[in-house]
2 protein chains.
Amino acid sequence: MSEHFINVDEARRTCVEALGNAGVPLEHARVQVDLLMEAQLRGRASHGLLRLPRIVERVRRGIADPITRGELCWRGNSLLHVNGRQGLGPVIAFHALEQITLRAKETGVAVASIEQCNHLGMIALYAERVAAQGQILIAMTTSEALVHPWGGRTAMIGTNPVAIGVPAAPHPFVLDMATSLISMGQVHDYAHRGTPLETGWALDANGDPTLDATAAKQGSIAPFGGAKGYALGLAFEVLVASLTASAMGVEVKGTLDAEHPCNKGDVFIVIEPAAGGAATQVGAYLDAIRRSPPQRADRPVLVPGDRAHRQRARSLEDGISIAPDVWRSIRELAIS
Amino acid sequence: MSEHFINVDEARRTCVEALGNAGVPLEHARVQVDLLMEAQLRGRASHGLLRLPRIVERVRRGIADPITRGELCWRGNSLLHVNGRQGLGPVIAFHALEQITLRAKETGVAVASIEQCNHLGMIALYAERVAAQGQILIAMTTSEALVHPWGGRTAMIGTNPVAIGVPAAPHPFVLDMATSLISMGQVHDYAHRGTPLETGWALDANGDPTLDATAAKQGSIAPFGGAKGYALGLAFEVLVASLTASAMGVEVKGTLDAEHPCNKGDVFIVIEPAAGGAATQVGAYLDAIRRSPPQRADRPVLVPGDRAHRQRARSLEDGISIAPDVWRSIRELAIS
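Quick caveat: nothing in here was measured; it's all calculated off a predicted structure. (Residues numbered from 1 in each chain as written. Chains lettered and ligands numbered in written order. Predicted model: local features only at pLDDT ≥ 70, side-chain atom pairs only at ≥ 80, totals over all residues. Heavy atoms only, no water.)

With that settled, consider empty space enclosed by the protein. Across all of its chains, the model carries three cavities of 30 Å³ or more by this definition. Considering only enclosed or pocket space, the largest cavity measures out at about 110 Å³ in volume. In this structure, the largest cavity is lined by 13 residues; those nearest its centre are Ile-138 and Phe-236 of chain A together with Ile-138, Ile-164 and Phe-236 of chain B. Broken down by secondary-structure element, the contributors of at least two residues to the lining of the largest cavity are strand E5 (136–141), strand E6 (162–166) and helix H8 (226–244) of chain A together with strand E5 (136–141), strand E6 (162–166) and helix H8 (226–244) of chain B. It is H8 of chain A that provides the largest number of residues to the lining of the largest cavity, a total of three residues. (1 Å grid on protein atoms, 1.4 Å probe; cavity = no way out; pocket = protein on both sides within 12 Å on 5 of 7 lines; lining within 4 Å. Points joined across faces, edges and corners; volume = space filled by probe spheres on them. Helix = DSSP H or I, 4+ residues; strand = E, 2+ residues; numbered from the N terminus.)

Structure (C-alpha cells):
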C-alpha cells in the first residue's frame, strides 16, 4: 500500500476528531464526515476530505454553526421550508430529508426548500439513500457563479448540480451531475500541474477563450452541452431561488470561502413510486443498456453510478487515496 | 403575404373543424388545436399543425379516445395518478393540471403521474401557463427509443424532454428541451432535402457514425451534451417509468404512429414559490444575463424562451408559415 492510501476507519476517526476539536458535537461530526468520506470513497476528491479544513475554519470563525439542525416550518402539508441557520450542510439536509421522506409516504410527495445552509457535499448520496429506501428523489442545489451563459463572457450562473435517485433492483439508479462542462476544481488542478485546458472549456477574465488554466481561474467555465446545458443550469438557478428565496448569480457566496455565510439554496423533491414499484423493471432496463452493443468493444456501455460503485468497492479494500498535504492538515486539526 | 402564410384564426377554425369531423367534441378540439397552434406560432413546426392528420387518424381508428378526460385517482393528498384511457394528450394533461395546481395551493406541492395518454405536444406551454399563474412547474415526458446510450450503438432511450416554468416579471421563465442532440424530425428533414448531417449527430442501423440522413432514419440519434446528457435523459426515462408505471426503452410506442396505444408516461410537478415570491428578482437576474457582454457583439446573450417569444409575436402579425402539403391535408380533413 503506497503512502497515499489511508485506511478508511483511521481516516474517518481522524476527521471526526478534527471536527470535534472545533466544537462540532459527535453526532454531527459523524454525519459531516460520512458525506465527505463517501465522496472520497467514490473517487470524487473535490467533494471529499479536501473540504474538511475549510469546514473547520468556518466553524472556528463562527460562520458555520455546528449545533443547529435548522429551523423547520411546514408551508403546506407537503412543503417544508428550512432555514438552515448556517448549520452544517449534511446535518441540515438529513434532518429535512427525514421529515419529507416520512411525509411523502402519507401524501405521495413532499418537498424541502432549504436556505442559509452550508455546502451539502456530493448530492448523489442523498439520492442513493432515499432511492435505496424505495422513494424517488430529485435534488438541486445552487453555487457561486462560475459558469458563463452560452454566447456570453462572464460568470453569471452556478455549476448547479442535479441528482436523481430512482429505486431499482439490485442497486438504486443514481444520477449526479453538475451543469458545467468541467469543475473549477479541475481548472485549479490543471493550473497546478501546468497542463493546458481543452478548447471550449473556459474563458479568461476578459471573456476570451483560453487554454491557460491559470488565466481561467480568474475567468469562467463553460456550461455542459452548449445552449441546452446553459438553459438547464439557468433553469435550476431560478427554480431553486424562486422556491427557497436564496441568492442568484454573482450574489451567491459561502460555499467556497471561509468569510461569508452561505446564501445559496437547496431543493429536495421526494415522490412515492407507482403502486407495486417498478424497481425490477427499471433494473432490467438498465441491464439491457449495459449489455447493449458498445461503440468500442473494450468499453462496455455504462449506466450513471457504475463507475462510482466500482471505485467505492476498490477504496474500501485498498483504502482511500488522498493528497499528502490534505491528510497532513487534517491530522494537525485532529491533534490540536 | 406569401401563399405559405396562413391567417391564424383561419388556421385555427380549419383545424377545429378537422377534429370535429372525426368526432372530437368542440371543447376538446379547441384544447388540442390550441396546443398545436401555439407550437406553430413559436416556430416549433415539429410540434405544430403537422401533427393534426396523425391525431385525426388515431381518433378515426379508435386508438385515441376523443371523449375521455382520463381516470383520476389521488394516491395521497399530493399525488394524483391519471390513467389517460388513450385520451387526447392536452385534454388529459390540462385536466390533471387543473387538479394539481389547485391542490398545490393548499399543500405547497402536488404531482400528477400520467399513463396511457396521447402525445402532450410542446410541453413548454404547460410550463408557461402554470408559471404565469404564479407556480413552478417541472414537466417530464418519455417517448419512443430514438437515442443511443453514450458509447452505445442502438436506440435505447427516448428523446425525453423536460420543461421548467418559473414565475418571473414581466414574463415567466420557460425552459423546454429534449435530451437528444437533434430531433428525429430534423433527421427526416435533412433526408428530405438531401443535406448531410453534422459529425456526431447520428448512427446508422449498424450503430456506426453516419452523415447520411437517410441512413440515420433507420439508426439512432445522439444524446445532447455527451455522457452527461445521456445520463440525464436516462434518469428521466426511469424516473417517469417508476412513477407512472409506463413502458421504458424500446417498449415505448404510440406517440409517432397510428397503430399503437400510447404507453409512455408524463409527470407534472407543481410547487408554490417562496412566500412573497421572487418573480421580480428572477426577472431582474434574467435581464442582467441578457445585458451581460456577449461573445460576439452582434449576438446578444439570450435567455430560454426569448426566441420563441419573438417568433410568436411575428407569427401573430404575419400569419403562420406552414408546408403547403400539410395545409392541404388539414383542409381536406376539415371539409370531408
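This brings us to the sheet that holds strand E4 (residues 109–117) of chain A. All names here are of chain A. With mixed pairing, seven strands are arranged side by side in an open sheet as E2-E3-E4-E10-E5-E6-E7. Bordering the open sheet on either side are strand E2 (71–76) and strand E7 (173–177), each of which pairs with just one other strand. This sheet shows a mean twist of 15° between the axes of neighbouring strands, independent of strand direction. The pairing of E5 with strand E10 (residues 265–271) spans six bridges and is classified as antiparallel. Opposite Met-140, over in E10, you have Val-267 as the bridge partner. Against the sheet, helix H5 (residues 124–132) engages E5, E6, E7 and E10, with an angle of about 15° to E6. (Pairing = 2+ DSSP bridges. Axes fitted to C-alpha atoms, helices over the stretch in contact; angles between N-to-C directions. Contact = heavy atoms within 4.5 Å.)

Moving on to the domain arrangement of chain A. Residue and element names in this part refer to chain A. Segmenting chain A into domains produces domain 1 (4–63 + 310–335) and domain 2 (71–180 + 223–271). Measuring from the centre of the C-alpha atoms in domain 1 to the corresponding centre in domain 2 gives 22 Å. Contacts between the two partners involve 19 residues from domain 1, matched on the other side by 25 residues from domain 2. For the domain 1 and domain 2 pair, buried surface summed over both sides reaches about 1,800 Å², with 58% attributable to carbon and sulfur atoms. When the area that domain 1 buries against domain 2 is broken down by residue, the three leading residues are Leu-35, Arg-58 and Ile-63, summing to 34%. At the junction of domain 1 and domain 2, the tally comes to five salt bridges. Note that Arg-61 is salt-bridged to Glu-259, the shortest N-O span being 3.7 Å. Across the contact surface, domain 1 and domain 2 share eight residue pairs in polar contact (both at pLDDT 80 or more). Those elements giving two or more residues to the side of domain 1 that touches domain 2 turn out to be helix H2 (26–41) and helix H3 (52–60). Among the elements that take part in the side of domain 1 that touches domain 2, H2 stands out by supplying seven residues, more than any other. Grouping the constituent residues of the side of domain 1 that touches domain 2 by class yields seven nonpolar, three polar and nine charged. (Domains from an automatic or database assignment. Buried area = accessible area lost by both parts, 1.4 Å probe. Salt bridge = Lys/Arg side-chain N within 4 Å of Asp/Glu carboxyl O. Polar contact = N/O pair within 3.5 Å; in protein donor to acceptor, adjacent residues only side chain to side chain. Nonpolar A, V, L, I, M, F, W, Y, C, P; charged D, E, K, R; others polar.)

Residue and element names in this part refer to chain A. Approximately 350 Å³ is the volume attributed to the second largest pocket. Broken down by secondary-structure element, the contributors of at least two residues to the lining of the second largest pocket are H2, helix H4 (89–107) and H5. Examining the composition of the lining of the second largest pocket, we find that nine residues originate from one element, H4, more than from any other. In the lining of the second largest pocket, the residues fall into seven nonpolar, five polar and five charged. If you count residues domain by domain, the lining of the second largest pocket takes at least three from each of domain 1 (4–63 + 310–335) and domain 2 (71–180 + 223–271).

What follows covers the interface of chain B and chain A. On the chain A side, the residues contacting the 75 residues of chain B number 75 residues. Surface buried jointly by chain B and chain A totals about 5,600 Å² across both partners, of which 71% is contributed by carbon and sulfur atoms. On the chain B side of the contact with chain A, Lys-228, Tyr-285 and Gln-295 of chain B bury the most area, a combined 13% of that side's loss. Linking chain B with chain A are zero salt bridges.

It is worth spelling out the side chain of Thr-255 of chain B at this point. Summarising the element assignment, Thr-255 of chain B is placed in the loop between H8 and strand E10 (265–271). Not counting chain neighbours up to four residues away, the residues in contact with Thr-255 of chain B comprise Arg-51, His-119, Glu-144, Cys-262 and Lys-264 of chain B.

Three or four residues apart is the spacing at which side chains of an α-helix point the same way, because the helix has 3.6 residues per turn. All names here are of chain B. Compared with an ideal rise of 1.5 Å per residue, which puts 16 residues at 22 Å, helix H2 (residues 26–41) spans 21 Å between its outermost C-alpha atoms and is within 8% of the ideal. A large share of H2 lies buried, amounting to twelve of its 16 residues. Listed as buried for H2 are His-28, Ala-29, Gln-32, Val-33, Asp-34, Leu-35, Leu-36, Met-37, Glu-38, Ala-39, Gln-40 and Leu-41. A positive backbone phi angle near 85° is found at Gly-43, which sits one or two residues after H2. (Expected span 1.5 Å × (residues − 1). Buried < 20%, exposed > 50% of the residue type's maximum accessible area, 1.4 Å probe, protein only.)

In the superposition of chain B on chain A (RMSD 0.0 Å, axial shift 0.0 Å), the rotation amounts to 180°. The symmetry that links the two subunits is that of a two-fold axis. Measuring from the rotation axis to each C-alpha of chain B, the shortest distance belongs to Gly-225 of chain B, at 1.8 Å. An overlap of 100% is found between the interface residues of chain B and their copies at the interface of chain A, pointing to a shared contact surface. (Least-squares fit on C-alpha atoms with pLDDT ≥ 70 in both.)

The next thing to look at is helix H6 (residues 184–193) of chain B. Residue and element names in this part refer to chain B. When we look at burial in H6, the residues that qualify are Met-184, Val-187, Tyr-190 and Ala-191. The arc that holds every buried residue of H6, seen down its axis, measures 115°, which confines them to one face. Residues of H6 that are buried make contact with helix H7 (213–217) and strand E9 (220–221). A positive phi of about 70° marks Gly-194, the residue just after H6. (Arc of directions from axis to C-beta.)

Where H8 of chain A meets helix H9 (residues 279–291) of chain B, the closest approach of the two axes is 11 Å, and the angle between their N-to-C directions is 150°. As the angle between them shows, H8 of chain A and H9 of chain B are arranged roughly antiparallel. Viewed along their axes, H8 of chain A and H9 of chain B form a crossing whose handedness is right-handed. Taken together, the residues of H9 of chain B that come into contact with H8 of chain A (itself represented by Tyr-230, Leu-234, Glu-237 and Val-238 of chain A) are Val-282, Tyr-285, Leu-286 and Ile-289 of chain B. (Parallel < 35°, antiparallel > 145°, perpendicular 65-115°, else oblique. Left-handed = near helix turned anticlockwise from the far one by under 90°.)

All right, on to the nonpolar core then. Core analysis: the biggest nonpolar cluster contains 102 residues, and Met-140 and Ile-269 of chain A together with Met-140 and Ile-269 of chain B have the highest contact counts within it. When sequence neighbours within four positions are dropped, the list of residues in contact with Met-140 of chain B reads Ile-138 of chain A together with Pro-161, Val-162, Phe-236, Leu-239, Val-240, Gly-265, Asp-266, Val-267 and Ile-269 of chain B. (Core = buried A, V, L, I, M, F, W, Y, C linked by side-chain atoms within 4.5 Å.)

Residue and element names in this part refer to chain A. Omega for the peptide link from Ala-169 to Pro-170 comes to 0°, which places this bond in the cis form. Even without being glycine, Arg-85 reaches a positive phi, approximately 50°. By relative accessible area, which is 44% here, Arg-85 ends up partly exposed.

What follows covers the pattern of salt bridges. Enumeration over the complete set of coordinates arrives at 36 salt bridges over all chains. The partner of Glu-57 of chain A in a salt bridge is Arg-61 of chain A, and the shortest N-O contact between them spans 3.7 Å. The class of Glu-57 of chain A is partly exposed, set by a relative accessible area of 33%. Residue Glu-57 of chain B is joined to Arg-54 of chain B by a salt bridge in which the shortest nitrogen-to-oxygen separation is 3.6 Å.

Within a regular beta strand, the side chains point alternately toward one face of the sheet and then the other, so they alternate between its two faces. Residue and element names in this part refer to chain B. Across the six residues of E5, six count as buried, placing the element largely inside the fold. Side chains Ile-136, Ile-138 and Met-140 of E5 all project onto a buried face; the interleaved residues Leu-137, Ala-139 and Thr-141 project onto the opposite face, where all are buried too. Here E5 runs beside E6; their pairing, made up of four bridges, is antiparallel. Residue pairing for E6: Ala-139 is matched across the bridge by Ala-163.

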